[in-house]
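Okay, here's what each chain looks like letter by letter:
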Amino acid sequence: MTRLSQYFLPTEKEAPADAEALSHRMMVRAGLIRQVGSGLWSWLPAGWRVHQRISTIVREEMDAIGGQEMLMPVIQPAELWKRSGRYPIEELFKLEDRRGAELVLAMTSEEVVTTHVAQVVRSYRDLPLILYHIQVKARDEPRPRAGVLRTREFMMKDSYSFDRDPEGLQRSYERHIEAYDRIFERTGLRWYRVAGDVGMMGGTGAHEYMAPCAAGENEVALAPGYAANVEVASAQAQAVALPAALEAPAEVHTPGATTIAAVAGQLGLPAGALLKAFPVEVEGRGLVMVVLRGDHRVNELKLGAALRAPWRAASAEEISERIGPPGFIGPVGAELAVLLDDGVAEGGYVVGANRPDMHLQGVQPGRDFRYERVDVRSVEAGDLVGGQPITIEPAIEVANIFQLGTRYSAVTGASYLDEQGAEQPIWMGCYGIGMARIAAAAVEQFADEHGISWPAAIAPFQVHLVALGKPESAERTLADTVYATLCDGGVEVLYDDREAGAGEKFADAELLGAPLRLTVGRKALESGEIEVQLRRGREAQAGVAPADVLARVAELCRVAP
RNA sequence: CGGGGAGUGGCGCAGUCUGGUAGCGCACCCGGCUGGGGGCCGGGCGGUCGCAGGUUCAAAUCCUGUCUCCCCGACCA
C-alpha cells in the first residue's frame, strides 16, 4: 500500500552537479539513495525496496544449495585479524573501545566464521557445510566513487563453505556457481562469469561475476566461449610484420632513442618489430629481465603470478650497474635470466645493445639469447582466442567466488577427524555478492534518457499507477478502485495520487522505472479501458477494462523484462 | 598517496578578479486558474556565503590555516 502523496520519494529534476556515473545520477534523481559522506549512503524507501528484492533472490538461491543463514558482528576483535595476518590491510577500519581494546570493522568474516566452525566441527560427519550472512561490510577505500558503485560501507552476502578435502571444496564451489548463475539470471542483468585473479587470497581458483556497463571499473576480455578479467586473460597476439632474422645481430646507431616509439621511428619499423626489456628485482632470485614485444604491455598481476614471488621494477641505478644504459638495454649478452613473453614470435627483432645510442637488428630469440617462456602481457582487443578476436569491455564486478583452501582453517585450527581418526584441515571457499552493485549495474545497463528501467525482478514496484484529473473527479474515483483491486491482488503498486500535472507524474514514473505503468484519466473514462505502458522501450500496450486489470498485470509481469 | 576542481536557502547556479544593503531559476507555503507530458497568474517563507583566525571604517569577495566533497590516476584480500 503505497500512495505517492505520502511516500518519502524525493525525486529531482537535476542530478547533483558532481555526479558523473549514470547510475549515480539516476539513483539520486529517482529518490532511491542519498549521500551522507564520501562513500557513505542512505537507501531511501524505494531504493531499499530494490535492495531487499535483490537480497531475497540471493537468500532464496543460497538456501536452495543448502546454505544456512546466520549473522555475524560487524565489530570484531583485532586479535582475530592479527592471527589471520589480515590486520595490516590498509582498507581495514581499526578502532578502540573505551578501555583501549583494539577492534576492527569487518570487511568480510572469514576469521569469525572459521572460529565458530573450528569450535563446533569435530568429525568428518559434520561436513560439508555452507554458512552465510547478509551483513554490512566496512572498507576504508582510498577512493570511493560513482554513487553506490564503490563505497566504504555496503551490504554483502558472504558465504563460506567447509569441506573435508579439495574434491569437496570443488563440489561446494560448483554449487555456488549454480546458485550465482541462477541469481544473476533472475536479476535480469546482462552478466558473465569470468576467470578471476586468485590474488593474495592464495587459493586454487577464482571467478568473478561481471555486469558490463560504462561505469565499470574492471575490463573483461571476451571472445566466443571465452570470458576473463584482463588481469588474468591470455590470448594469442596479433601477428606483426617482422624483418627476417639476420645471420648475426648487427649494430645500428640510434642516437637518443630511449623509447620504443623513438627507435621504431628512426628505423622505420613497427613497434612490434622491437623487443622491450623490463628488468625486475625478484625476491629470492635477484635481477631478471622480462622481454616483451615492443607494442605490448606488462600485466603486473600476471607477472607476479608467473614469478611466484614478490617483485619490483629495477631501479635506474641497478640497470646501469648490472645491464647497461637505461633506454638501450636488451637481452643479448646480458648476464641475467631472460623471461620471454609468449607474444614474441619467431623473427628478427630490434633490441637494445646495452651500449649508449646503439641497438641490435636481426636478433633471433633462442639463437642470440637464452630464455624461459612466460605469459605476462596484457591482452589487447583483436588478440585471438580459439581463432576468434577478443573484444574488451568495461564491467562492474558484482560477485566473486574463491577457493580458499586451508589458509584460514590452518591459522584458526579448524580441523576435523577423518574416518581413520586422523586430524585433517578443513577446506574452505568464500563467496561474495554485493546487492548495491547489482542495483547500480541494472540502472547502468537499462536506463535511457527518461530515467531508470528496472528488470521486473528487482523493480521497487511492479506497477506505477498514475491518476490524472482533478481531486474528487470521476477519474480519481476509478483510479482509487483500480488501486484497491491491485493491492487486494497482491501487486506491488505505487499509486501516484498527488495533485500534480500529468507531465510531472509521467516524468516521475519514467524516472523511477517500474516495468509497468497504468494510467487512469479522462481517456480511461471515455473508452472504459485503462492505458498500459511498458517502461522498457516505453511501448504502449492494449488497454484493459478495470475488471480485468489484475489478470492483465499478471500476464504482463510474466513477459516484462 | 599524486594531480585537478568545488563548497553561497532543499536542488542547480550567478556574485569573488575590482571589498560597500546576498541575487536568479526550480522546489516549498498561501490564493486562484489549468487538469493527458515537468502548465499559468499573484503573494510569501527560507541563506551566520564550509569552519577558524587575520587585514579593513566595512569581507561571500583580500590574506593565513583548516575541514569537507567531487573528478583523473595509484590502490582495491
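Residues numbered from 1 in each chain as written. Chains lettered and ligands numbered in written order. Predicted model: local features only at pLDDT ≥ 70, side-chain atom pairs only at ≥ 80, totals over all residues. Heavy atoms only, no water.

> Teacher, can you tell me more about the pairing of strand S20 (residues 358–363) here?
Along any regular strand, the residues point their side chains to alternate faces of the sheet. S20 sits mainly inside the fold: five of its six residues count as buried. In this sheet, S20 lies alongside strand S14 (residues 250–253) in antiparallel orientation, the contact comprising four bridges. What sits directly across from Ala250, in S20, is Gln361. Two strands pair when backbone bridges link them, and strand S19 (residues 349–352) and S20 are joined in this way by three bridges, in the antiparallel orientation. What sits directly across from Val351, in S20, is Leu360. Once S19 ends, the chain turns through five residues before running back antiparallel as S20, passing Asn354 with a positive phi of about 65°. (Buried < 20%, exposed > 50% of the residue type's maximum accessible area, 1.4 Å probe, protein only. Helix = DSSP H or I, 4+ residues; strand = E, 2+ residues; numbered from the N terminus. Pairing = 2+ DSSP bridges.)

> Honestly, the packing of aromatic side chains in this entry has me stumped. Any pointers?
The tally for this structure, following the rule as stated, stands at eight aromatic pairs. An angle of 20° between the planes, with centres 5.2 Å apart, marks the rings of Phe184 and Tyr209 as stacked. Within this pair, whereas Phe184 is found in helix H5 (residues 166–187), its partner Tyr209 is found in strand S11 (residues 205–212), the two being separated by 25 residues in sequence. Each member of the pair Phe184 and Tyr209 is classed as buried. Note on Tyr483 and Tyr495: the rings are 4.5 Å apart at their centroids and 25° apart in plane angle, and the pair reads as stacked. (Phe/Tyr/Trp six-rings, centres within 6.5 Å; stacked < 30°, edge-to-face > 60°.)

> I tried to follow the sheet that holds strand S6 (residues 93–96) on my own but got confused; where do I start?
Strand pairing in a sheet takes place through backbone hydrogen bonds and is either antiparallel or parallel in direction. If you walk across this open sheet you meet the three strands as S5-S7-S6, and the pairing is antiparallel. A single partner strand is all that each edge strand has here, and the edge strands are strand S5 (75–77) and S6. Neighbour to neighbour, the strand axes of the sheet diverge by 40° on average, direction disregarded. With four bridges joining them, S6 and strand S7 (residues 102–105) adopt antiparallel strand pairing. Bridge pairing in S7 places Lys94 opposite Val104. (Axes fitted to C-alpha atoms, helices over the stretch in contact; angles between N-to-C directions.)

> Could you clarify how one ought to interpret the protein's contact with RNA strand B in this entry?
Taken together, 41 residues lie near RNA strand B, and Ile89, Arg150, Gly503, Glu510 and Glu531 sit nearest. When atoms of RNA strand B within 4 Å of the protein are split into backbone and base, the sugar-phosphate part holds 46%. One of the side-chain nitrogen or oxygen atoms of Gln35 is found 2.8 Å away from a phosphate oxygen of RNA strand B. Between RNA strand B and Glu510 there is a distance of 2.5 Å, counted from a base nitrogen to a side-chain nitrogen or oxygen. (Near = heavy atom within 4 Å. Polar contact = N/O pair within 3.5 Å; in protein donor to acceptor, adjacent residues only side chain to side chain.)

> Teacher, can you tell me more about the nonpolar core here?
As a rule of thumb, nonpolar side chains are buried together in soluble globular proteins. Within the largest apolar cluster, 60 residues are counted, with the highest numbers of intra-cluster contacts made by Met27, Leu32, Tyr180, Phe184, Ile433 and Trp454. Discounting residues that sit within four places of it in the chain, Tyr180 has contacts with Met62, Lys157, Ser159, Tyr209, Ala399, Asn400, Ile401, Tyr431, Gly432 and Ile433. If you look at the next biggest cluster of nonpolar residues, it comprises 29 residues, including Leu80, Tyr87, Ala106 and Ile426. (Core = buried A, V, L, I, M, F, W, Y, C linked by side-chain atoms within 4.5 Å. Contact = heavy atoms within 4.5 Å.)

> Can you help me understand the packing of helix H11 (residues 474–488) against helix H14 (residues 549–559) in this one?
Between two packed helices, what matters for the description is the angle formed by their axes and the separation of those axes. Running from amino to carboxyl end, H11 crosses H14 at an angle of 60°, the nearest separation of the two axes being 9 Å. Between H11 and H14, the crossing angle belongs to the class labelled oblique. Judged by the twist between their axes, the crossing of H11 over H14 is right-handed. From H11, Val482, Thr485 and Leu486 reach across to H14, where they touch Val549, Leu550 and Val553. (Parallel < 35°, antiparallel > 145°, perpendicular 65-115°, else oblique. Left-handed = near helix turned anticlockwise from the far one by under 90°.)

Read these as layout, nothing more, since geometry by itself doesn't imply function.
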